[in-house]
Amino acid sequence: METPTTLVGGAVLTVFGSALLLWCAVELRLRHRLRRYGVPATAQVVADPDPAAAMDGSPLLSYPVASPGGRAGLAADFPADLPADLAVVADAGAGTVHELRPLAAPDGAHRLVLARPRGNTPLRRPARLIPGAAVQVAYDPRRPDRVVLAAHEELPSLPADLFWALLATSALAGGLTLLALALR
């Protein structure tokens, strides 16, 4: 390879590998922190309203969270393709999360949030995570849509984590090697 091509290729691989390695570390730390310090809850696996989302390997979970300052207000307009029992809730500081309307507590102290757990990327959804199944989760009280499965409910995510870490380190090593060759 010529020097400019080697230099550009090395820079691209180094940036890609560094960014991917940083993303892996942040994701692992977030999942570990949520499992350790997150609020525990029992979640129920919910059937996906969108047929395309039903193919996602990570299940859609519904779990109760405490409402900050009482009952959250429902947004007046939400997508027409959502089922009638779903509504969009504006949560101050946490963006938009989905709420199951009929299951809100009468006092407004709790609401049910719909979210997908972090760190689950299997190709196929495990048979034990069928709609209606109950699983233990831990969520971030400041951002209730950040949720992970509890440690004993954890699906084997080690192979996927190792794959991404190996891809990141090999891209970083290849990029640094190309940069060293170009700058020699």
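Residues numbered from 1 in each chain as written. Predicted model: local features only at pLDDT ≥ 70, side-chain atom pairs only at ≥ 80, totals over all residues. Heavy atoms only, no water.

Novice: How would you sum up the confidence of the model for the protein? Please name residues and give values.
Specialist: Model confidence for the protein is summarised by a mean pLDDT of 75, while 72% of its residues fall at 70 or above. Mean pLDDT per element in the protein: strand E3 (residues 86-91) is the minimum at 34, and helix H1 (residues 3-37) is the maximum at 93. This model gives residues 70-103 a pLDDT under 50, and the stretch forms 64 contacts once residues within four places in sequence are excluded. (pLDDT = per-residue confidence, 0-100. Helix = DSSP H or I, 4+ residues; strand = E, 2+ residues; numbered from the N terminus. Contact = heavy atoms within 4.5 Å.)

Novice: Which residues make up the nonpolar core, and what values do they have?
Specialist: One finds Ala43, Leu61, Tyr63, Val135, Val137, Tyr139 and Val147 to be the most contacted residues of the largest nonpolar core, which totals 15 residues. Those elements giving two or more residues to this core turn out to be strand E1 (39-46), strand E2 (60-66), strand E5 (110-115), strand E6 (134-139) and strand E7 (147-149). (Core = buried A, V, L, I, M, F, W, Y, C linked by side-chain atoms within 4.5 Å. Buried < 20%, exposed > 50% of the residue type's maximum accessible area, 1.4 Å probe, protein only.)

Novice: So what's going on with the pattern of salt bridges? Which residues, and what values?
Specialist: Evaluated as defined, the whole model comprises four salt bridges. Two residues, Asp161 and Arg31, come together in a salt bridge whose shortest N-O distance is 2.6 Å. Of the two residues, Asp161 sits in helix H2 (residues 158-182) while Arg31 sits in helix H1, which places them 130 residues apart along the sequence. An identical accessibility class is assigned to Asp161 and Arg31; each is buried. One salt bridge connects Asp140 with Arg142, and the closest N-O pair in it is separated by 3.6 Å. A relative accessible area of 10% places Asp140 in the buried class. (Salt bridge = Lys/Arg side-chain N within 4 Å of Asp/Glu carboxyl O.)

Novice: Help me get a handle on the packing of H1 against H2, residues and values and all.
Specialist: Close contact between H1 and H2 brings their axes to 7 Å; oriented N to C, the two are set at 150°. Between H1 and H2, the angle falls in the class roughly antiparallel. When the axes of H1 and H2 are compared, the crossing they make is left-handed. Its residues placed into classes, the contact of H1 with H2 shows 20 nonpolar, 10 polar and two charged. (Axes fitted to C-alpha atoms, helices over the stretch in contact; angles between N-to-C directions. Parallel < 35°, antiparallel > 145°, perpendicular 65-115°, else oblique. Left-handed = near helix turned anticlockwise from the far one by under 90°. Nonpolar A, V, L, I, M, F, W, Y, C, P; charged D, E, K, R; others polar.)

Novice: Any chance you could break down the pairing of E1 for me, citing the residues and the numbers?
Specialist: Where E1 meets E6, six bridges bridge the pair, whose relative direction is antiparallel. The partner of Ala41 across the bridge, within E6, is Val137. Here three bridges tie E1 to E2, and the two strands are oriented antiparallel to one another. If you follow Gln44 over to E2, its bridge partner there is Ser62. (Pairing = 2+ DSSP bridges.)

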